[in-house]
Structure formats: C-alpha cells, structure tokens
Amino acid sequence: SIVSQRYRTAYHFQPPKNWINESSYYRVRGTTSKEKNLQHPASYTTFINISGPMYYNGIYHEFYQYNPNGSVWGNIVWGHSVSTDLINWIPLETAIERDTPSDINGCWTGSATILPGNRLVIIYTGADPEKRQVQNIVVPKNLSDPYLREWTKAGNNPVIQPVGPGLNSGQFRDPTTGWIGPDGLWRIAVGAELNGDSAALLYKSKDFLNWTRVDHSLYSSNSSSMWECPDFFAVLPGNNGGLDLSAAIPNGAKHVLKMSLDSCDKYMIGVYDLKSDIFIPDTVLDDRRLWSRIDYGNFYASKSFFDSKKGRRIIWGWTNETDSSSDDVAKGWAGIHAIPRTIWLDSHGKQLLQWPVEEVESLRGNEINHQGLELKKGGLFEIKGADSFQADVEIDFELTSIDNADPFDPSWLLDVEKHCREAGASVSGGIGPFGLVVLASDNMEEHTAVHFRVYKSEHKYMILMCSDLRSSSLRPGLYTPAYGGFFEYDLEKEKKISLRTLIDRSAVESFGGGGRVCIMARVYPVAVVDGSAHMYAFNNGSATVRVPQLRAWSMRRAQVNVKGME
Ligand code: FRU
C-alpha cells in the first residue's frame, strides 16, 4: 500500500517484505516491554531485537527474534540474514527453531562466540515447557556452507539451568559472548533477577558446554530488578579500534557493561578485575535515570560484536514503531534496526562514542556542499538538492562566542525529555537552539527538529541535544516525544559542534558532537510527501552561529532482505 511504502525504510535493516501477515508481535507505543506488550495483538511482520551478530569467515551474520506464524508474541525463533558490507542483506531460512524441550516456548536472545581453531558456537536462551528460562548451545551444521544456514543443537541442552539460591527462573536470559579468564576458562554473563536485584550472573566453562555458576556476579545492582541483553566488552581510551574479548586485553583497557532496562540501553564504564573476576564501575550512580545511555531515543536490546575484518567493535540496536498497531497492519511490517555503529571510548575514558559504519556512505549520491554560512538569530538556511526523505546530512556548527551561554541546572539531567519540551526549537536561548530541521512541510506545520543548546556549568560546558518529534506529524495519536541527552564539551579547545543525521523515510537517526549523544527516532509525517519536504539549518539563539561546512547526500536504496523476494 501507499502507507507501507511511504514509511518503509530504504537502508535500515528490516525483514523481507513477503513475511507480511504471516506473523505478528505485540507492542505498545513507545515501550518495548513484553509484559506490557500483551495488550495489542496485531497482524504484521514480527521483528524484534538482535541476537548474536557476528563476522565469520568473510560474512556478517545478523540473527533476530522472529515470530513466524503466531498471532501472539511467544513463538520466537531466530531469523537470519547475511551480508558482506553490513548494509545490503540476503534473507535466509530460520536459523534456530523451537523444536526441543529446552526451547519449545521460544528461542530468545543469545550471542555468538568464536572459539580457538575458528570453531563457532551460539549460546541462547530457551523457554522450556514450564516457561523456565534455560541456556542452550547450537553449532553450525556444515562449516563449508559460507552462509551457515543450518544449525545443530547440542545433545546436552540446556547447558545451563535456572538453579541456585535467589534466582528467578522466569528472569534469567540473554547470555553474552564468551571471554577467557587468566585460568584459561571461558566465561559468560547472563542477565538475571537475583534476590530482587538485577545481575549479570557469571558462569565458567572449560569447553563451552559444561558450565558452573561462579559464586559471585560479574556485577549486580539493587537499582532495578532485571537487566535484559547484557553486553560486556573491552575498549581502549581514545582508540577507535575494537578489541576482541577473547584475545588478550591490552594494558590500559577499560571494560563496558551494557544493559537494557526502562526501555533503553544504558552502560557503565569500569575495570574488569581479573583476580576477583568482577566488573568494577568507575562511578556508581544510585539513581539510574543518570546512567549513560547508548542512545537517547528509540533504541533497545542492542548487541555488539568484534569485527575482525576491520578491527572495530560494532553495535546494533532495535527500534520499534511508534505509530498505532492498526497502522502496522496497514503497513504490513513493524520494527527496524538502527544503522550498525562503530563504538569506542573517548580519550578521557568517560564516554562511549558511536558513528555509523563507513559502509553506509556507499549509498551516498551527489554531494551538496556549502561553506562559510552564517546563521544569525532567527536564521534559516534551506538545504536544497538532496532527497529530503532519504538523506545523510553532516553539519559543523561553530560558535562565535561562548559568553552568552545560559547557566546549567543539574536537575535537568533527571528528565532531559522534559527539558527538551520546555526548551524547544523556537524558544530562544543564549547559545542555541541551533541545528537541523528535517521533513518539514511548506508552512512548517509539520517538521522534526534536531538541535543543540550550550549551557555553562561550573567548570565546563554542557551541550544539550534534542530530537523533537512533537511536530513530526499532523496525525494525532502518535508517540511523539522530545528526546534529549547532554554531553560535556571542551569549548575552549573545540569551538565546533558537529551534527550528523541519517534520514530514512520514517527514521531520523542523529549523532551529536562526533557521536557523543546519539538519538534514534521514528516519524510518520502526513503533510510532507516525496519531493515536497524541506530541510533547513537554523539558529534561534541570540549568539550568531557559523556553519563552516555543511554537506548533504541523497541516499540510495539498499538491498535489505529483498533478494529473490519481489
Ligand atoms: C529483549 C528481550 C530479551 C529476550 C527476548 C525475547 O527485548 O525481552 O530479554 O531474550 O527479547 O524475545
């Protein structure tokens, strides 16, 4: 239908079109919680989070949670696609089916690990006949098949049972990629509820098949009750090369623990103490609203992997729809993945940075380039010549002075979305708002604004980045928050603040300050149609802002799971 084509993304990962109506998944607007999801059955393409992404023998594999035939969430199996460039994907048959007692009620999230000798293993959560969550192993059936279409289940599945004091057998899932400790044993972490706390439980094994629980957790916290999809990886401050967790970790490396909770992906940076075998965060914040986030928008259940082809770590996240379930029936699909991102640690060792994988640039058409622009208060510069529905935009903003910065109020950090609603794109400040307006109708009635404000804190500057969806569509009833995140910035040193935004029909994915704050958003405009949407750089702050460089490209359509399907 027209609706389905208008919003269907052109270069973000989605399942094949012809799975439409064969499957479905429950969802509630603006949330990804399965518990709450049991309210809105609908019939559209099932598509949930990422499972076990990996690079193996020249091929990238993407597995995802998929319901092939049910009308309710609960028949989850592993969908599978392969790629050589992370952008164009070939759909394959289901990789893991619900056909044994240890996964009969669902093949849930898991991770891939490459063992010595290039042996590959996937560990994933199964829901057993009693709906207990157990951990299972599969290995490729035929290593000479480059696509690894078929997988064999280990005879001794489940390899890990939900046993032990304090463990909730219904909250015990999503094993991580394995790593080797100094004793030569493999380790994995499993997300769990332990005595009402959230924990990344630690397990050890010699052979990846026989596991014993370590008497302490890798990390646990009483600030929430369950972490989904924990991810544990090593990073080197200031080095955007990735590290392989099962190789020797160099001196000076830090570890990151990512966890999914409260409908978002949060992380802690710390050290992995090899002696005590625990993760020790550099800072512990009791109030989890203050925890750093991988993405401040619509992004959940992400997983990362080490890409040995290019020596980088890549993180993938899942983004759900924020229109209504009846729209999804009309569209015939729901859910996309964010563009895979390279992820690394800043030179201060305090914050993760992310950037779309360079391969996405292969979709760029002719470059539109403007230099030396100046945006006075109220300034609006129309960016013409690119496809405003499928574009990649990079803008550098340069401050002419930092004297005007308004004072920062730390209480804003507790609810940044509230602050973004109050400090919208039309509310003038000392420095900012300035940024980008996309998918704007002729009269601006409909538009999405991505913008910055600069605040002065005691010894530093705090930059606010918002992605404001409140006017993104004239249609009522959509979930249209004003997403936002803050980052610290050394404005004495660096006077430029960069913004990159990938526009893909219903996706607006933004990277602020070189990837310090990322905001993934979904929008469903109705007034703007192909060819009529406008795109602007703007400034509504008192201080003039320069734009030394603005570049924009139309983005070609990628081959995402369509081969042989049309
Ligand atoms: C994350 C999640 C995981 C679970 C899977 C089930 O969204 O709830 O915790 O393994 O999805 O489909």
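From a predicted model like this one, the values you see are computed outputs, not experimental measurements. (Residues numbered from 1 in each chain as written. Predicted model: local features only at pLDDT ≥ 70, side-chain atom pairs only at ≥ 80, totals over all residues. Heavy atoms only, no water.)

## A word on a nonpolar patch on the surface
Moving on, step 1. Taken together, L285, L290 and L414 make up a surface patch of nonpolar side chains, about 210 Å² in accessible area.
Moving on, step 2. Here L285 is to be found in the loop between β18 (278–281) and β19 (292–293).
Moving on, step 3. Judged by relative accessible area, which is 36%, L285 ranks as partly exposed. (Patch = residues over 30% accessible without salt bridge, like charges linked within 9 Å, V, L, I, M, F, W, Y side chains within 5 Å. Areas by Shrake-Rupley, 256 points an atom, 1.4 Å probe, with all protein chains shown as cover. Salt bridge = Lys/Arg side-chain N within 4 Å of Asp/Glu carboxyl O. Helix = DSSP H or I, 4+ residues; strand = E, 2+ residues; numbered from the N terminus. Buried < 20%, exposed > 50% of the residue type's maximum accessible area, 1.4 Å probe, protein only.)

## Digging into the nonpolar core
Moving on, step 1. Judged by nonpolar contacts, the single largest core of 47 residues is most densely connected at V454 and I497.
Moving on, step 2. Per-element tally for this core: the top contributor is strand β27 (residues 390–399), with 5 residues.
Moving on, step 3. Every residue in contact with V454, bar those within four places of it in the chain, is listed here: L399, A405, D406, I431, F434, Y461, M462, I463, L491 and I497.
Moving on, step 4. Among the nonpolar cores identified, the runner-up in size contains 29 residues, and Y11, F13, I87 and W316 belong to it. (Core = buried A, V, L, I, M, F, W, Y, C linked by side-chain atoms within 4.5 Å. Contact = heavy atoms within 4.5 Å.)

## Here we look at the pattern of salt bridges
Moving on, step 1. If you walk through the whole model with that rule in mind, you get 35 salt bridges.
Moving on, step 2. For D128, the salt bridge goes to R132, with nearest N and O atoms at 2.9 Å.
Moving on, step 3. Among the residues examined, D128 registers a relative accessible area of 6% and is labelled buried.
Moving on, step 4. Close ionic contact of E422 with K418 constitutes a salt bridge, the shortest N to O distance being 3.6 Å. Of the two residues, E422 and K418 are both situated in helix α4 (residues 416–422); the distance of 4 residues between them amounts to about one turn of the helix.
Moving on, step 5. The class of E422 is partly exposed, set by a relative accessible area of 48%.
Moving on, step 6. A single salt-bridge network, built from bridges that share partners, covers D307, K310, R312, E358 and E359.

## A look at the sheet that holds strand β6 (residues 119–127)
Moving on, step 1. A sheet is described by the order of its strands in space; here 4 strands give the open sequence β5-β6-β7-β8, paired in antiparallel fashion. Of all strands in the sheet, those with a lone pairing partner are β5 (107–115) and β8 (151–153), marking the two edges. The sheet shows a mean angle of 30° between the axes of neighbouring strands, direction not considered. (Pairing = 2+ DSSP bridges. Axes fitted to C-alpha atoms, helices over the stretch in contact; angles between N-to-C directions.)

## Considering the packing of aromatic side chains
Moving on, step 1. One pass over the structure, following the stated rule, counts 33 aromatic pairs.
Moving on, step 2. An aromatic cluster is present here, built from W179, Y219, W227, F232, Y272 and F279 joined pairwise through their rings.
Moving on, step 3. Its end group placed over the ring of W553, R364 keeps NZ or CZ at 3.5 Å from the ring centre.
Moving on, step 4. A cation over a ring is seen here: K456 above Y461, with NZ or CZ 4.8 Å from the ring centre. (Phe/Tyr/Trp six-rings, centres within 6.5 Å; stacked < 30°, edge-to-face > 60°. Lys NZ or Arg CZ within 6 Å of the ring centre and 35° of its normal.)

## A look at the state of the cysteines
Moving on, step 1. Under the counting rule described, the total for this entry stands at 1 disulfide.
Moving on, step 2. Two residues, C420 and C466, share a disulfide whose sulfurs are 2.2 Å apart. Across the S-S bond of C420 and C466 the torsion is about -85°, and the bridge reads as left-handed. You can see C420 sitting in helix α4 and its partner C466 sitting in strand β31 (residues 461–468), a full 46 residues away along the chain.
Moving on, step 3. Accessibility expressed as a relative area gives 0% for C420, which makes it buried. (Disulfide = S-S within 2.5 Å.)

## Some points on the domain arrangement of the protein chain
You'll often see interface size given as the accessible area lost when the parts meet.
Moving on, step 1. According to the domain assignment, the protein chain consists of domain 1 (17–356) and domain 2 (372–555).
Moving on, step 2. With centres defined by C-alpha atoms, the gap from domain 1 to domain 2 works out at 31 Å.
Moving on, step 3. Taken together, the 30 residues of domain 1 in the interface contact 27 residues of domain 2.
Moving on, step 4. With both sides pooled, the region where domain 1 packs onto domain 2 buries about 2400 Å², and carbon together with sulfur makes up 54% of that total.
Moving on, step 5. A per-residue breakdown of the area domain 1 buries against domain 2 is headed by Y296, T322 and W355, which together make up 27% of the total.
Moving on, step 6. Joining domain 1 to domain 2, the criterion identifies 2 salt bridges.
Moving on, step 7. The closest approach of N and O atoms between E321 and R522, which form a salt bridge, is 2.8 Å.
Moving on, step 8. Where domain 1 packs against domain 2, one counts 12 residue pairs in polar contact (both at pLDDT 80 or more).
Moving on, step 9. Mapped onto the side of domain 1 that touches domain 2, the elements with two or more residues apiece are α3 (325–331) and β24 (352–356).
Moving on, step 10. Classifying every residue of the side of domain 1 that touches domain 2 by side-chain character gives 12 nonpolar, 9 polar and 9 charged. (Domains from an automatic or database assignment. Buried area = accessible area lost by both parts, 1.4 Å probe. Polar contact = N/O pair within 3.5 Å; in protein donor to acceptor, adjacent residues only side chain to side chain. Nonpolar A, V, L, I, M, F, W, Y, C, P; charged D, E, K, R; others polar.)

## Digging into the pairing of strand β32 (residues 482–489)
Moving on, step 1. Among the 8 residues that make up β32, 7 are buried, leaving the element largely enclosed by the rest of the structure.
Moving on, step 2. Sheet topology places β31 next to β32; 8 bridges connect them, and they run antiparallel. Residue pairing for β32: M462 is matched across the bridge by E488.

## Some remarks on the environment of S225
Moving on, step 1. Here S225 lies in the loop between β14 (219–221) and β15 (228–235).
Moving on, step 2. For S225, a relative accessible area of 37% translates into the label partly exposed.
Moving on, step 3. When the C-alpha atoms of S225 and D197 are compared, they prove to be 4.6 Å apart, with 28 residues separating the residues in sequence.
Moving on, step 4. Look past the residues within four positions of S225 in its chain and what remains in contact with it is A192, E193, G196, D197 and S198.

## Examining the environment of A338
Moving on, step 1. Mapped onto the elements of the fold, A338 is located in the loop between β22 (336–337) and β23 (341–345).
Moving on, step 2. Judged by its relative accessible area of 1%, A338 is buried.
Moving on, step 3. Between the C-alpha atom of A338 and that of W318, which follows or precedes it by 20 residues, the distance is 6.2 Å.
Moving on, step 4. Discounting chain neighbours no more than four positions away, the residues touching A338 are H12, F299, W316, G317, T319, E509 and M520.

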